[in-house]
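# Structure assessment
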Amino acid sequence: MGLAASHPGFLSPTGVEIVFVLVGLVTLGAALVTVTTKQLVHAALWLVAALGGIAVEYLLLTAEFIAWVQVLIYVGSVVVLLLFGLMLTRAPIGRSPDADSGNRWVALAVAAAAAATLLTVVIDAFRSTWIDLDDSVAGSTEVTGIALFRHWVLPFEALSVLLLAALVGAIVLSRRQKGSDR
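Residues numbered from 1 in each chain as written. Predicted model: local features only at pLDDT ≥ 70, side-chain atom pairs only at ≥ 80, totals over all residues. Heavy atoms only, no water.

### Thoughts on the overall build of the protein
Of regular secondary structure, the protein possesses seven helices and zero strands. Counting all 182 residues of the protein, 14% fall into the buried class. Looking at the protein alone, contacts between residues at least 24 apart form 75% of all its contacts between residues at least 6 apart. Counting every atom, the protein has about 13,300 Å² of accessible surface; 72% of that belongs to carbon and sulfur. (Helix = DSSP H or I, 4+ residues; strand = E, 2+ residues; numbered from the N terminus. Buried < 20%, exposed > 50% of the residue type's maximum accessible area, 1.4 Å probe, protein only. Contact = heavy atoms within 4.5 Å. Areas by Shrake-Rupley, 256 points an atom, 1.4 Å probe, with all protein chains shown as cover.)

Put into structure tokens, the structure is as follows:
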């Protein structure tokens, strides 16, 4: 009870906690618009807003390195790759009837169940854990780099190969469509 009792609770939030919740709500809204819009390009742009919101959350948690990695890799590279894929495959720019599969309510139920499960697990795991924002050694660049390149090298490289394969596939599909028009 000593550590948890010395920190403010939910009834007296700090300014950083209030901003964290507000940015989280904006990020959640952008993510919802990303998956509900019927225009693919708009979905990609809302994805930029959602991923940017996550980067702001990392900044609020004083994990600056992770925030910049989020901006450079996800906002910069992945979304640009997605937009190039849309352009190379000649995806429709306006409203797309193919963007709605008709399983909206099933998808909503699965998403709500997954969110409830994740929220329950996170709350149970971190119920009495407090992050000291003044002295954050755990989120430093050195600790993050060691963890990333010692334990997460294989998934990191697998993701880069997957993204490269997606780009090559988009180019191949656009070439075949161009050749079949002749």
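### Quick word on the layout of surface pockets
For the second largest pocket, the calculated volume is near 320 Å³. Val69, Ile73, Tyr74, Leu148 and Phe156 are, among the 14 residues lining the second largest pocket, the residues nearest its centre. If one sorts the elements of the lining of the second largest pocket by residue count, helix H4 (residues 64-88) sits on top with six residues. When its residues are assigned to classes, the lining of the second largest pocket shows 12 nonpolar, two polar and no charged. (1 Å grid on protein atoms, 1.4 Å probe; cavity = no way out; pocket = protein on both sides within 12 Å on 5 of 7 lines; lining within 4 Å. Points joined across faces, edges and corners; volume = space filled by probe spheres on them. Nonpolar A, V, L, I, M, F, W, Y, C, P; charged D, E, K, R; others polar.)

### Topic: a nonpolar patch on the surface
A cluster of nonpolar side chains, Ile18, Phe20, Val21, Leu22, Leu25, Leu28, Leu32, Val35 and Leu61, forms an exposed patch at the surface whose accessible area comes to about 820 Å². Judged by relative accessible area, which is 42%, Ile18 ranks as partly exposed. (Patch = residues over 30% accessible without salt bridge, like charges linked within 9 Å, V, L, I, M, F, W, Y side chains within 5 Å. Salt bridge = Lys/Arg side-chain N within 4 Å of Asp/Glu carboxyl O.)

### Quick word on the packing of helix H2 (residues 15-36) against helix H3 (residues 40-60)
Relative to each other, H2 and H3 sit at 160°, their axes nearing to 8 Å. The angle between H2 and H3 falls in the class roughly antiparallel. Here the hand of the crossing between H2 and H3 comes out left-handed. When H2 is examined against H3, the residues Val16, Val19, Phe20, Val23, Gly24, Thr27, Ala30, Ala31, Val33 and Thr34 are found in contact with a partner set consisting of Ala43, Trp46, Leu47, Ala49, Ala50, Gly53, Ile54, Val56, Glu57 and Leu60. Partitioned by chemical class, the residues of the contact of H2 with H3 number 15 nonpolar, four polar and one charged. (Axes fitted to C-alpha atoms, helices over the stretch in contact; angles between N-to-C directions. Parallel < 35°, antiparallel > 145°, perpendicular 65-115°, else oblique. Left-handed = near helix turned anticlockwise from the far one by under 90°.)

### Regarding the environment of Thr120
Tracing the chain through its elements places Thr120 in helix H5 (residues 104-125). There is a polar contact of 2.7 Å between the side chain of Thr120 and the backbone oxygen of Ala116. (Polar contact = N/O pair within 3.5 Å; in protein donor to acceptor, adjacent residues only side chain to side chain.)

### Overview of unusual backbone geometry
Even without glycine at this site, Thr62 takes up a positive phi of about 60°. Given the relative accessible area of 21%, Thr62 is considered partly exposed.

### Overview of the packing of H3 against H4
Running from amino to carboxyl end, H3 crosses H4 at an angle of 175°, the nearest separation of the two axes being 8 Å. With respect to H4, the element H3 is oriented roughly antiparallel. Judged by residue contacts, Leu40, Val41, Ala44, Leu47, Val48, Leu51, Gly52, Ile54, Ala55, Tyr58 and Leu59 of H3 engage Glu64, Ile66, Ala67, Gln70, Val71, Tyr74, Val75, Val79, Leu82, Leu83 and Leu86 from H4. For the contact of H3 with H4, the residue count by class is 19 nonpolar, two polar and one charged.

### A closer look at the side chain of Gln70
Structurally, Gln70 is set in helix H4. Sequence-distant contacts of Gln70, defined by excluding residues within four places in its chain, comprise Leu51, Ile54, Ala55, Tyr58 and Val75.

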